[in-house]
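An overview of the molecular structure
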Amino acid sequence: MALLSRYGDKAKLIAGGTDLLVDMKNEKINPQYLISLMKITGLSYIAEEGDVLRIGATTTLRELEESQIIEKRYGLISKAVKCLGTVQIRNMATIGGNICNAVPSADLPPALVALNATLKIVGPNGERTMPLEDFFAGVKKTKLSVGELLKEIIVERPPARSGTAFIKLSRTAEDLAIVNVAVRITLNEDDTCREARIVIGGGVGPTLIRSREAEKLLLGKKMEEELVKRAAEVACTGFSCRPTSIRASPEYKAEVGRVLVKRALLEALKKAGGVVEDDERN
Amino acid sequence: MREFKIVGKSVKKVDAALLARGKPLFTDDVTFEDMLHARILWSPHAHARIRDIDTSEAEALPGVHAVLCYKNVPRVPHTSAGQGWPEPSPYDMFMFDNKVRYVGDRVAAVAAESEEIAEKALRLIKVDYEVLPAVFDPEKAMEEGAPVIHDEPDCRQVLPLFYDPKHNHCAHIEVKTGDPDRGLNEADIVIEHTIKNHYAQHCALEPHSCISYLDPMGRIVVRCSTQVPYYARRIIAQCLQLPERMVRVIKPRIGGGFGSKQEIVVEDVCAMFTLRTRRPVRLVFTRPEVFVSSRTRHPMIMRVKTGVKRDGTVSAIKMRVISNTGAYGPHCMTVLGSTCAKTLPLYRCPNIEFIGDTVYTNLLNAGAYRGYGVLQGTFAMGIMMDEMAHAIGMDPVDFWKKNTIRVGETSPIFSALSEIGKGAEQKVDSCALPECIDQGAAAFGWKEKRERYRNQPDGPIRRGVGMVCTVHGGTVALLDASSVTAKMNEDGSFNLLISASDVGGGCDTVLSQIFAEALDIPLEDVIVYPTDTDVTPYDKGAYASGTTYLSGLAVIKTAEEIKKQILKVAAEMLNEPPENLRLEKKGVVSTKSGKRLEFGQIAKRAMYSKNQFQIAATASEYSHLHPQTFTAQFAEVEVDTETGQVKVLYYVTAVDCGTAINPTLAEGQVEGSIINGISYALTEEFIFDENGRVLNPSFRDYKIFSAPDIPKLKTILVPSYDPTGPFGAKPIGEPAMDGVLPTISNAIYNAIGVRLTESPFTPERVLKAIREKRGR
Ligand SMILES: Cc1cc2nc3c(=O)[nH]c(=O)nc-3n(C[C@H](O)[C@H](O)[C@H](O)COP(=O)(O)OP(=O)(O)OC[C@H]3O[C@@H](n4cnc5c(N)ncnc54)[C@H](O)[C@@H]3O)c2cc1C
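Residues numbered from 1 in each chain as written. Chains lettered and ligands numbered in written order. Predicted model: local features only at pLDDT ≥ 70, side-chain atom pairs only at ≥ 80, totals over all residues. Heavy atoms only, no water.

The name recorded for chain B in an unreviewed UniProt entry is Aldehyde oxidase, from Hadarchaeum yellowstonense.

Per an unreviewed UniProt entry, chain A goes by the name FAD-binding PCMH-type domain-containing protein and belongs to Hadarchaeum yellowstonense.

Right under this line is the structure:
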C-alpha cells in the first residue's frame, strides 16, 4: 500500500501479468514501476463460510478450476473458468486481474455478477465493499481510486431450486468471447421464476450488461419457451458494440446473443428442476 | 514393392534431441559483440508517391549507423520470389522505391546500436507522401482508368511471358483441351458457381530472421531463415550488385516456412547494411511485420462451370480465375498456372478450358504458400464435384472414383501447361487413389454416417459429412534440380552435404535414411550437413513439395557413385573383380570367396595406403516430371444453425505418397496440413479497414488453431510405389492441405443444405448463408 501511494499513477499493480504484460508489449501502457501482488501472503485463498464464498484476489484461475468447493457448489464459476484461455494462461492469471483489467470480453465477471458478487477493496482510507456490477466504469476503467486495490471477491451461494449456465462463443478455444452469457435463476415452489440474473459480456458494450428488463419479464411467471425467447430478445436489444470489432459485427453479436441467452436460460431452468417445454437439443 | 532396412522406418529426427534441449540452432540464436540492429519503416498508405524523404535527423541520432531509402541504394528491379533463373515472376520490386503500394510496404530502414535506438530513429524520418487513389478489388483493378500500381518504367517480365502492368495485369494463362463447349452441350446438367478463397498468412512460429556479417576476406555472410539458400544468395547478390562469390548464405535450423521463406524478405536489407557499415547486422521481423509485410496466400475468384451426364461422367470443366497478387507479383504467374496445371489433371475429362488472370491491387503481397494455387483450384473443383454428384443423385464416393485419373493414364493438361509454360508429356506412374477412397471411406464410416445424418432428428444442431479427392504434382518439372555431395571418413562413416533445406519437415533425417539405405549402413554413420553455399552443392531448396523426391533421387545417385568407388578399392584389396562384390552391413562381401572387408578398412586404404584418393562423389538430378500425389479426405462436421458455428468432429485423410521414407514424418506432414487447412477454413482471416490497413496483425486477433481446437484426426498412408521416385517415394509436404476447404464445405452442405462458396466459414458467414438460403 505504501508503494502504491508513493508512486501513484506512475505505478501499476501486476498479478499474473497476462493482461498487463501484453499491454506493455504493445505499448498501450508504459508504467515506470510495477508492484507485484503475488508475494503478498494472504491474498490467495478460496474459503467457504456458510452461504458465502470468499476468494482472494490473487487466487489463480487454475486454483479456481481445481477447487472442489467451486466445482460442486459454484459450478457457474467453474464453467466460466474452464472456458478462459489455456492451461498455461490459467496457471498465471488471477481472478483479481480478470476483474480489474475491466475489458468487456472477460469471462469471469459475467459469471460472478450472476452470482451477485461483491468486492472488498482496500486503500489508504481503509476498506470498502461494492457490488461487482457497479465496479466497471468503461473499457479498461474501474471505480478503483488511486492507491486502492482489490482484495477479495465474495460470492453468494445460489439458494435451493436455482440453476445456472454459462455459454461462451469464441473463434478458437483460447480466444476472447464473441459473446458470453451467464445466468442464474431461482424458482418458486410452483415453478414460477422467483429470481433471474442475466449477464452478457463479450464486448456487447463498454462494460458487461445486466439486463434487468429481461429479468423482470420472467419474474413470477412460468418460464415457457416463448417467454424465454422474448426475454432473450429484450436482453439483447441494448447492445452498443464497437463497430470495428475484430471478432464479429455488432449485428452478429446481437443475433447470437439472443440465441445464447435463450439457451442459457433453458439450461439453467433445467438445472433448477423446472420443466422445459418444447425442449430443443442442447 | 521392396523390403527396406532403414527406409520405411520411423526413425527419430536427427535433430530432435538438440531441438528438445533448446540448443542454439536458429538464425537468431547467435549474436556478435558489435552487432547492429535494423528496423524498417513501413508505409502508412496503400498507394502513395514519396515526394521527398528527410533522414537527416535519424542519421544524426547517436547510435545510428546507417539509414537506407530509395535515395541511397541501387535501383535494381528484381523479384523476391525464390525461384529458378530467370524467374517467371516479374521484376517489379526494388530494395526501396519512391513509391509505396500497400500499407506495410517498405519506406526506409535504420541500423543502430540497439533496436530501441533504431525504432526511435524511424520516428525521426520525415516522409512527404503524395497520396494516390488505391484499388483493393482485383476486378476493379483491371478496369480502364483504375490507379496504375506499377507505373514505373523499369518493371518488366524477364521471360517472354504476358505482362501488362499498365492495366495492373501481371499474368494471363489460357488453356483449352478437347471441346469444352460441346462438352457442356452434351451434359445433362450444367452447374455454375463462383468460389472465393481468402488471404491468409503462413504463421510460421519463427519470424523472418537474418544476421549478416563480413568474413575476414570482406565477403558477406548471410545467416538467414530461408527455404531457398541458393536463390537467396543469387538475389542478394543481384540487389547488392555483387558477384555471387562475394555472398555466402548459411541456412541454420528453420522454425517453419510453408512458402513464406521462399522469398527474400529481410535478407537484402540486412546484407546492404552490413555492406555499408562493415558491421554484423541483425534484422528480425516482429509478428505484426510477419503478418503484414512478409507474404500471404493469393485470394482467387474462381468462376467454374461444369457439365455432367446422368451416368456420372463429367463432360466439361470451364474455369475462369482472377488471382489477387497484391502490390507485387512474386509467384503471380506460377501460382495461377498451378491452379490449372497441377489441379486439373485429376479429372478424367477431355474437355477443359482454363482462363486465368493475376492482378495487382494495393493489398498485401501474396506469394508462395503451401498449396500454391492447387489449394485454390481444389477448393473450386471439390465443390463442383460434390454439386454434380448431388445433382445426379450419386454418392460422392462413387462419383469421385469414376471421374479421377488412374495409373497409366495421362491428362491433356500435363502437356498443355506446366507451372511456367508448356508442360511435359507424362503419365501417372503410380496411383492408389481408388484404395485411398476405399480405405478412407471405411475408416471414416462414410456410408453409415451418411445414412445416420440423413435421418437425424430436427433441431438447431446438425451434423454432416463431406469428402474430396486431391492431386498435387510435386517439383517444377524440367527446371528444379538438386545436387548432393558425400565423402567417406576413416571409420567408414560419411559426410552428407546437402542444400536441400530442412525447414522443420525433416528432410535432413529422410535424406540420411535414403543414403544409409543405399549403402547399407546404419543411420548414425551419416553426418548430415545442411546448407552453406560455400560448402554444400546447389539444390533448389524447400518448395513444391519436392525435397524428398528430388533431393532423394540425387542422394541415391551420389550413393551409387560412392558405391562404385568403394567396390573399386575393395576389388584391389581382395584381388577380385568388382562384379563379385556387394555391399553388406557397412562392409563389402565377395559372393565368390566369401571374404569380407569393413568400410573402415576400405576408407583407410583409399586415404593412406595405395593409389590414394578421397572416396567422395557429387551427383545431381533434375526433375523430369511432376510426380503425382493423391489423397482422399473425409470430414464430419457439426453445424449450429442458430450461431453459425462449425465444428469439425473427425477428419480422415488417406494418402498415396508412394513409399513413406519415414512414416511418422509423413503423417506429420499430413496432419500438419490438415490442421493448417481446418484453421484456414474456419478461423484464420485478415481483416482490413477501408484504407487497406490490416486491423488484426497479431496472434491475439488473427486466430489460428491451437492444441485444444484440433479435432480427432486419422491419417492412412496407403501402400504404393512410384517407379520414378527414390525408393518409390512421392511428395507429401503440401498435397493434404489442398482438400480441406472443399471437404468442409461439402460436409456443411450435407449437414444443412447450404453451400458455402466463400471462405473462411466463420460463424458469421455461415449464419448469413443460412439466412440467405431461407430467404430472410
Ligand atoms: C493468450 C491469452 C488468452 C486469454 N484468454 C482469455 C479468455 O478466454 N477470457 C478472459 O476473460 N481473459 C483471457 N485472457 C486475459 C487474462 O488472462 C485474464 O484477464 C487474467 O485473468 C488477468 O489476470 P492477471 O493476474 O494476469 O492480470 P494482470 O495482467 O496482472 O493485471 C491485469 C490488470 O488488473 C490490475 N490488477 C490485477 N490485480 C489487481 C488487484 N488485485 N487490484 C487492483 N488491480 C489489479 C493490473 O494492474 C492490470 O491493470 C487471455 C490472455 C491471454 C494472454
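**What to know about the site of the ligand**
Residue and element names in this part refer to chain A. Near the ligand lie 32 residues; those nearest to it are Leu13, Gly16, Thr18, Asp19 and Thr94. A distance of 2.8 Å separates an oxygen atom of the ligand from a polar side-chain atom of asparagine 98. Interatomic distance of 2.7 Å between a side-chain N/O atom of aspartate 107 and a nitrogen atom of the ligand. About the coverage of the ligand: the protein hides 91% of its 980 Å² of free accessible area. Among the secondary structure elements, those contributing two or more residues to the shell around the ligand are strand 1 (11-14), helix 7 (95-100) and strand 9 (149-156). When residues in the shell around the ligand are grouped by element, the largest group, 4 residues, is from helix 7. For the shell around the ligand, the class distribution of residues is 17 nonpolar, 9 polar and 6 charged. The residue makeup of the shell around the ligand includes at least three contributed by each of domain 1 (2-156) and domain 2 (162-271). (Near = heavy atom within 4 Å. Polar contact = N/O pair within 3.5 Å; in protein donor to acceptor, adjacent residues only side chain to side chain. Areas by Shrake-Rupley, 256 points an atom, 1.4 Å probe, with all protein chains shown as cover. Helix = DSSP H or I, 4+ residues; strand = E, 2+ residues; numbered from the N terminus. Nonpolar A, V, L, I, M, F, W, Y, C, P; charged D, E, K, R; others polar. Domains from an automatic or database assignment.)

**Some remarks on the nonpolar core**
Side chains of nonpolar character tend, in soluble globular proteins, to be buried together. Residue and element names in this part refer to chain B. Membership of the largest hydrophobic core comes to 126 residues, with the highest contact counts inside it found for Ile744 and Phe761. The greatest single-element share of this core, amounting to 10 residues, is contributed by helix 10 (residues 374-392). For this core, the two domains that each supply at least three residues are domain 2 (31-132 + 205-256 + 261-293) and domain 3 (300-476 + 625-775). Non-local contacts of isoleucine 744, meaning those with residues more than four positions away in its chain, are made with Val637, Val648, Tyr651, Ile678, Ala681, Leu682 and Phe761. Ranked by size, the runner-up nonpolar core spans 47 residues in total, among them Val7, Ala486, Met488 and Val569. (Core = buried A, V, L, I, M, F, W, Y, C linked by side-chain atoms within 4.5 Å. Buried < 20%, exposed > 50% of the residue type's maximum accessible area, 1.4 Å probe, protein only. Contact = heavy atoms within 4.5 Å.)

**Points about the domain arrangement of chain A**
All names here are of chain A. Along its sequence, chain A is carved into domain 1 (2-156) and domain 2 (162-271). Listed by partner, the interface residues are 24 residues for domain 1 and 24 residues for domain 2. Interface area, domain 1 with domain 2, both sides summed: about 1,900 Å², of which 60% is carbon and sulfur. There are 5 salt bridges connecting domain 1 and domain 2. (Buried area = accessible area lost by both parts, 1.4 Å probe. Salt bridge = Lys/Arg side-chain N within 4 Å of Asp/Glu carboxyl O.)

**Re the side chain of histidine 193 of chain B**
Residues and elements named next belong to chain B. Relative to the assigned elements, histidine 193 resides in strand 8 (residues 189-196). Within the structure, histidine 193 has its side chain in polar contact with the side chain of glutamate 387 (distance 3.2 Å). Those residues in contact with histidine 193 that sit more than four places away from it in its chain are Met302, Arg303, Val304, Met384, Glu387, Arg755 and Thr757.

**Here we look at the interface of chain B and chain A**
Across the boundary between the two partners, chain B contributes 26 residues, which contact 23 residues of chain A. At the boundary of chain B with chain A, total buried surface from both sides reaches about 2,200 Å², with 50% on carbon and sulfur atoms. Between chain B and chain A we count 6 salt bridges in total. A salt bridge links glutamate 642 of chain B to lysine 262 of chain A, with the nearest nitrogen and oxygen atoms 3.1 Å apart. Linking chain B with chain A are 10 residue pairs in polar contact (both at pLDDT 80 or more), by the criterion used here. Tallying contributions element by element places helix 20 (residues 763-774) of chain B first for the side of chain B that touches chain A, with 4 residues.

**Describing the domain arrangement of chain B**
All names here are of chain B. As far as domains go, chain B holds domain 1 (16-23 + 480-622), domain 2 (31-132 + 205-256 + 261-293) and domain 3 (300-476 + 625-775). Put simply, the middle of domain 1 and the middle of domain 3, counted by C-alpha atoms, are 38 Å apart. Counting residues at the interface gives 19 residues for domain 1, matched by 21 residues for domain 3. When the buried area of domain 1 at its contact with domain 3 is split by residue, Ala544, Ser545 and Tyr549 rank highest and sum to 42% of it.

**Quick look at the UniProt feature "domain: FAD-binding PCMH-type" (unreviewed entry) in chain A**
As recorded in UniProt, the feature "domain: FAD-binding PCMH-type" (unreviewed entry) lies at residues 1-160 of chain A. Helix makes up 32% of residues 1-160 of chain A and strand 26%. Its end C-alpha atoms lie 40 Å apart. (UniProt positions renumbered as here; feature names shortened; annotations may be inferred.)

**Brief notes about the state of the cysteines**
All names here are of chain B. Using the criterion set out here, one finds 0 disulfides over all chains in the structure. Free of any disulfide, cysteine 69 has its nearest neighbouring cysteine sulfur in cysteine 239, separated by 16 Å. Cysteine 69 gets classed as buried once you look at its relative accessible area, which sits at 3%. With no disulfide of its own, cysteine 436 lies 7.6 Å from the sulfur of cysteine 431, the closest cysteine sulfur. (Disulfide = S-S within 2.5 Å.)

**Quick notes on the sheet that holds strand 8 of chain B**
Residues and elements named next belong to chain B. If you walk across this open sheet you meet the 5 strands as 7-15-14-13-8, and the pairing is mixed. In this open sheet, the two edge strands, each paired with only one partner strand, are strand 7 (169-177) and strand 8. Ignoring strand direction, the axes of neighbouring strands in this sheet form an average angle of 5°. The sheet contacts of helix 9 (residues 332-341) involve strand 7, strand 13 (300-308), strand 14 (314-326) and strand 15 (352-360), and relative to strand 7 the element is tilted by about 20°. (Pairing = 2+ DSSP bridges. Axes fitted to C-alpha atoms, helices over the stretch in contact; angles between N-to-C directions.)

**Some details on the UniProt feature "domain: Aldehyde oxidase/xanthine dehydrogenase a/b hammerhead" (unreviewed entry) in chain B**
With numbering aligned to this structure, UniProt lists the feature "domain: Aldehyde oxidase/xanthine dehydrogenase a/b hammerhead" (unreviewed entry) at residues 21-133 of chain B. As annotated, residues 21-133 of chain B has a helix share of 13% and a strand share of 31%, and its two end C-alpha atoms lie 52 Å apart.

**Description of the sheet that holds strand 17 (residues 481-488) of chain B**
Residue and element names in this part refer to chain B. Across the sheet, which stays open at both edges, the 4 strands sit in the order 19-18-17-23 with mixed pairing between neighbours. Of all the strands in the sheet, the pair left with one neighbour each is strand 19 (526-530) and strand 23 (616-622). Direction aside, neighbouring strands of the sheet carry axes that sit 20° apart on average. In the sheet, strand 18 (residues 494-498) pairs with strand 19 via 5 bridges, with the strands oriented parallel. Following the sheet pairing, asparagine 495 is matched in strand 19 by isoleucine 527.

**Concerning helix 15 (residues 507-519) of chain B**
With 13 residues, helix 15 of chain B extends 18 Å from end C-alpha to end C-alpha; this agrees with the ideal 18 Å at 1.5 Å per step. Just downstream of helix 15 of chain B lies aspartate 520 of chain B, where phi reads positive at about 55°. (Expected span 1.5 Å × (residues − 1).)

**Observations regarding the environment of valine 81 of chain A**
Residues and elements named next belong to chain A. As for its position among the elements, valine 81 is in helix 5 (residues 75-82). Look at valine 81 and you get buried, because its relative accessible area is 1%. With 89 residues separating them in the primary sequence, valine 81 and serine 170 have C-alpha atoms 14 Å apart. Those residues in contact with valine 81, other than ones at most four positions away along the chain, are Leu61, Leu64, Glu65, Arg90 and Leu108.

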